[in-house]
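Okay, here's what each chain looks like letter by letter:
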Amino acid sequence: MWMEEFFKSVTFEDFLIRPHHGMLDSRKDANLTMQFSRRISIKTPIVGANMDTVTGENMMKALSLNGCFGFIHRNCSIEKEARQVAAVKRQQSFIVANPLAVGKNMPIKEAKRIVKIEKVSGLLVEESPGSGILAGILSRRDFPRDNDEKLVSEFMTPFDRLVTAKEGVSLEEAERVMYEIRKEKLPIIDENGKIRGLVTMKDLEKSKHFPYSSIDSRGRLLVGATIGATGDFMERAAAIIEAEADCVLIDIAHGDSEVMRKAVESFKAKFPNTELVCGNVGTRDGARFLADLGADAVKVGIGPGHGCRTRIETGVGVPQMQAIREAYLGVDGRVPIIADGGIEDDGEIAKAIFCGADTVMLGSMIAGTDESPGVISINPATKKQVKKYRGMTSPDAVLDRNDWENPSEILESSPAQEGQPLEIDYVGSVVPIIKRIREHLQSTVSYTGQRTLSLVHKLAVASPYDYFINKLTEAAQKESFDR
Ligand code: IMP
């Protein structure tokens, strides 16, 4: 039989991970870098779900700053999704991509006003408004006490006295130069003298607090975004790629389908160089199908999600540990696997990775945070602070995607609703949650006798019998999880 008996009809609570002789002095030394997709690796193997109550602009920024990845959801207009992608991209870990600039002939009075409103310590100055050609820098210290009618050009440090850097400058190089010239600001320009960014000492210091951040070759945060497989999906793809998404996700309920084949073929024909993730599938054949189509990562999960009613309503589904294992065997190491849905405890993330996943997508576990879209409300019965979380096919998510003029028509014409709305306890920022998951995963690596998660993943997927204790009895489950 092609799949081990061991993984049939099982999920997280059926397993424990077997400890091995430890190698690390401290669990903090464990490295968690994993391959997310063919060309992207991340330092924390967590991915934010592309749901409108989970990943918008703020969640995406927080995830990337803290070493994870995510996909901005598509339950909004094309323009809004593209705008969010662009906003994340602007938030570099240490370079301000579109710094404020004013024309050199602007009166000082106006420049003072902008500095105050925008709460910045200075401004780049350009030859003429909108030209982008760097003419100088005006810092707060340069402002005269009076003479408000005079022009910026009279007080700025002019271009010929500025030190600048080229695009692609590394964090280390930027820091070295700024210490050398004893300046707080280093403009980035291209060969034509056009402004391409700004490094500030403040941002450099801040970026040191994000040692794991997921960034591109220019130091900008990585961002993923989602499209469907029908309708205006190619328009949506064009807009988010134009906004510089690093990875596109084609996400449909049944990824092992002809609809997906057609969508991937259209996508690949137009955007052959864009990293593409496809899902969802829950079987070996489904995962192989997506890898054969050319997906750069395969997203796995049919029915485990907390807002999901697929298994109840249709009877269809694959227990998540079995689905991950099947997918692992199906893609045969060609592309990474994202295990999507059903995670309740941090230990289950390690189990997903040990049986075949490379990264794990989280929805409800991070939905009750400051960074997820939506507002905090009070549950009138429990008086607890909560946030809304809902399956993306739940009726209110479907309605939000459309206008509300004819709600019954909209619901009738959309696919069967296999998602449900829930309330999730509000838990504050997502950042401590990511930190906690990192520390728990580092402990797992330490317990299992390796230094890196990628190595223990390789060993465990190759010989699961050495790394898992399975088919726990009811008593063993009680002893393990009943708290
Ligand atoms: P969670 O981490 O258990 O909350 O699961 C999140 C996952 O649930 C998402 O990444 C989706 O794969 C899945 N999901 C989201 N909305 C729906 C839905 O309406 N029906 C079925 N599955 C859904």
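Here's a quick rundown of the structure.

Some thoughts on the sheet that holds strand 22 (residues 421-425)
(1) Moving on: Strands sit in the order 20-21-22 across an open sheet of three strands; the sheet is antiparallel. What marks the edges here is a single partner per strand, and that holds for strand 20 (377-378) and strand 22.
(2) Moving on: Here strand 21 (residues 385-390) runs beside strand 22; their pairing, made up of five bridges, is antiparallel. Considered in strand 22, the bridge of Arg390 is made with Pro421.

Focus: the sheet that holds strand 8 (residues 122-126)
(1) Moving on: A sheet is described by the order of its strands in space; here four strands give the open sequence 7-8-9-10, paired in mixed fashion. Two strands in the sheet have a free side with no partner beyond their single neighbour: strand 7 (101-103) and strand 10 (157-158).
(2) Moving on: Looking at chain direction, strand 9 (residues 134-139) and strand 10 are connected through two bridges and run antiparallel. Residue pairing for strand 10: Gly136 is matched across the bridge by Pro158.
(3) Moving on: Its contacts with the sheet put helix 3 (residues 108-118) on strand 7, strand 8 and strand 9, and the angle it makes with strand 8 is roughly 130 degrees.

Observations concerning the side chain of Arg236
(1) Moving on: Examined against the element boundaries, Arg236 turns out to sit in helix 6 (residues 233-242).
(2) Moving on: Overall, the relative accessible area of 8% leaves Arg236 in the buried class.
(3) Moving on: In terms of polar contacts, Arg236 uses its side chain to reach the side chain of Glu81, at 2.6 Å.

Digging into the site of the ligand
(1) Moving on: His306, Asp340, Ser364, Tyr389 and Thr393 are the nearest of the 20 residues found near the ligand.
(2) Moving on: Between an oxygen atom of the ligand and a main-chain N or O atom of Gly342, the distance comes to 2.8 Å.
(3) Moving on: Here an oxygen atom of the ligand and a side-chain polar atom of Tyr389 are 2.4 Å apart.
(4) Moving on: Contact with the protein chains hides 90% of the accessible area of the ligand, taken as 500 Å² for the molecule alone.
(5) Moving on: When its residues are assigned to classes, the shell around the ligand shows seven nonpolar, eleven polar and two charged.

Reading guide: rules and limits
- Residues numbered from 1 in each chain as written.
- Predicted model: local features only at pLDDT ≥ 70, side-chain atom pairs only at ≥ 80, totals over all residues.
- Heavy atoms only, no water.
- Pairing = 2+ DSSP bridges.
- Helix = DSSP H or I, 4+ residues; strand = E, 2+ residues; numbered from the N terminus.
- Contact = heavy atoms within 4.5 Å.
- Axes fitted to C-alpha atoms, helices over the stretch in contact; angles between N-to-C directions.
- Buried < 20%, exposed > 50% of the residue type's maximum accessible area, 1.4 Å probe, protein only.
- Polar contact = N/O pair within 3.5 Å; in protein donor to acceptor, adjacent residues only side chain to side chain.
- Near = heavy atom within 4 Å.
- Areas by Shrake-Rupley, 256 points an atom, 1.4 Å probe, with all protein chains shown as cover.
- Nonpolar A, V, L, I, M, F, W, Y, C, P; charged D, E, K, R; others polar.

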